[in-house]
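The lines below spell out each chain.
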Amino acid sequence: MNKAIEETLSLLVPILRLNGENVKSIHVVKDYFWDQNREYVKEVAEIQYDNGTCRYADVGGDSNLTACYDVLAVILQIKKESTKIERLEPIEEKES
């Protein structure tokens, strides 16, 4: 995960709020889930709302633009939310 993606998504929050979305924060996390006796991991954006609700968007690439599209598409209900959300962990920053 590109560290700039997390920063870019957090900068979307004030823009979304100006447009009437009650988004409190957006963070990228790892989701570990089981399917057919095997554990998988994927990166998802956790979209937190003022009322405590969370929605999840699969982040389909390692570019800022793709991550923004994935999040906005879930918020605007253009794309379905991520499924198989089981065990979330923060993404550890890689040392340069």
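Residues numbered from 1 in each chain as written. Predicted model: local features only at pLDDT ≥ 70, side-chain atom pairs only at ≥ 80, totals over all residues. Heavy atoms only, no water.

All right, on to helix H1 (residues 3-18) then. Residues that lie three or four places apart on an α-helix share one face, since the helix turns once every 3.6 residues. Within H1 the residues assigned to the buried category are Ile5, Leu9, Leu12, Val13 and Leu16. Tucked into the core, H1 has its buried residues touching strand E1 (23-35), strand E2 (38-49) and helix H2 (64-75). Glycine 20 occupies a position one or two residues after H1 and carries a positive phi of about 90°. (Buried < 20%, exposed > 50% of the residue type's maximum accessible area, 1.4 Å probe, protein only. Helix = DSSP H or I, 4+ residues; strand = E, 2+ residues; numbered from the N terminus. Contact = heavy atoms within 4.5 Å.)

Further remarks concern the environment of arginine 55. Relative to the assigned elements, arginine 55 resides in strand E3 (residues 54-58). Each C-alpha atom of the pair arginine 55 and glutamate 39 lies 22 Å from the other, and the pair is 16 residues apart in sequence. For arginine 55, the side chain forms a polar contact with the side chain of tyrosine 49, separated by 3.2 Å. A polar contact is formed between the side chain of arginine 55 and the side chain of glutamate 81, at a distance of 3.2 Å. (Polar contact = N/O pair within 3.5 Å; in protein donor to acceptor, adjacent residues only side chain to side chain.)

Turning our attention to H2. End to end, H2 covers 17 Å across 12 residues, agreeing with the expected 16 Å (1.5 Å per residue, within 8%). When H2 is considered as a whole, its buried residues turn out to be Ala67, Cys68, Asp70, Val71, Ala73, Val74 and Ile75. One or two residues past the end of H2 sits glutamine 77, with phi positive at roughly 60°. (Expected span 1.5 Å × (residues − 1).)

On to a nonpolar patch on the surface. Taken together, Tyr69, Leu76 and Ile78 make up a surface patch of nonpolar side chains, about 350 Å² in accessible area. Among the structural elements, leucine 76 can be located in the loop between H2 and strand E4 (87-90). In this structure leucine 76 comes out as exposed when scored by relative accessible area, which is 53%. (Patch = residues over 30% accessible without salt bridge, like charges linked within 9 Å, V, L, I, M, F, W, Y side chains within 5 Å. Areas by Shrake-Rupley, 256 points an atom, 1.4 Å probe, with all protein chains shown as cover. Salt bridge = Lys/Arg side-chain N within 4 Å of Asp/Glu carboxyl O.)

Attention now goes to the sheet that holds E1. Spatial strand order, E3-E2-E1-E4: four strands in an open sheet with antiparallel pairing. Among the strands making up the open sheet, the edge pair consists of E3 and E4. Between one strand and the next, the sheet's axes are offset by a mean angle of 40°, whatever the strand orientation. Here E1 pairs with E4 via four bridges, running antiparallel. Residue pairing across strands places tyrosine 32 opposite arginine 87, the latter belonging to E4. The strands that H1 touches are E1 and E2; relative to E1, the one it contacts most, it runs at about 130°. (Pairing = 2+ DSSP bridges. Axes fitted to C-alpha atoms, helices over the stretch in contact; angles between N-to-C directions.)

Contact geometry of H1 with H2 gives a least axis separation of 9 Å together with a crossing angle of 40°. By the angle between their axes, H1 is oblique relative to H2. Crossing geometry of H1 relative to H2 is assigned as right-handed. Only Asn64, Ala67, Cys68, Val71, Leu72 and Ile75 of H2 make contact with H1, whose side of the interface consists of Ala4, Ile5, Thr8, Leu9, Leu12 and Leu16. Across the contact of H1 with H2, the residue classes tally to 10 nonpolar, two polar and no charged. (Parallel < 35°, antiparallel > 145°, perpendicular 65-115°, else oblique. Left-handed = near helix turned anticlockwise from the far one by under 90°. Nonpolar A, V, L, I, M, F, W, Y, C, P; charged D, E, K, R; others polar.)

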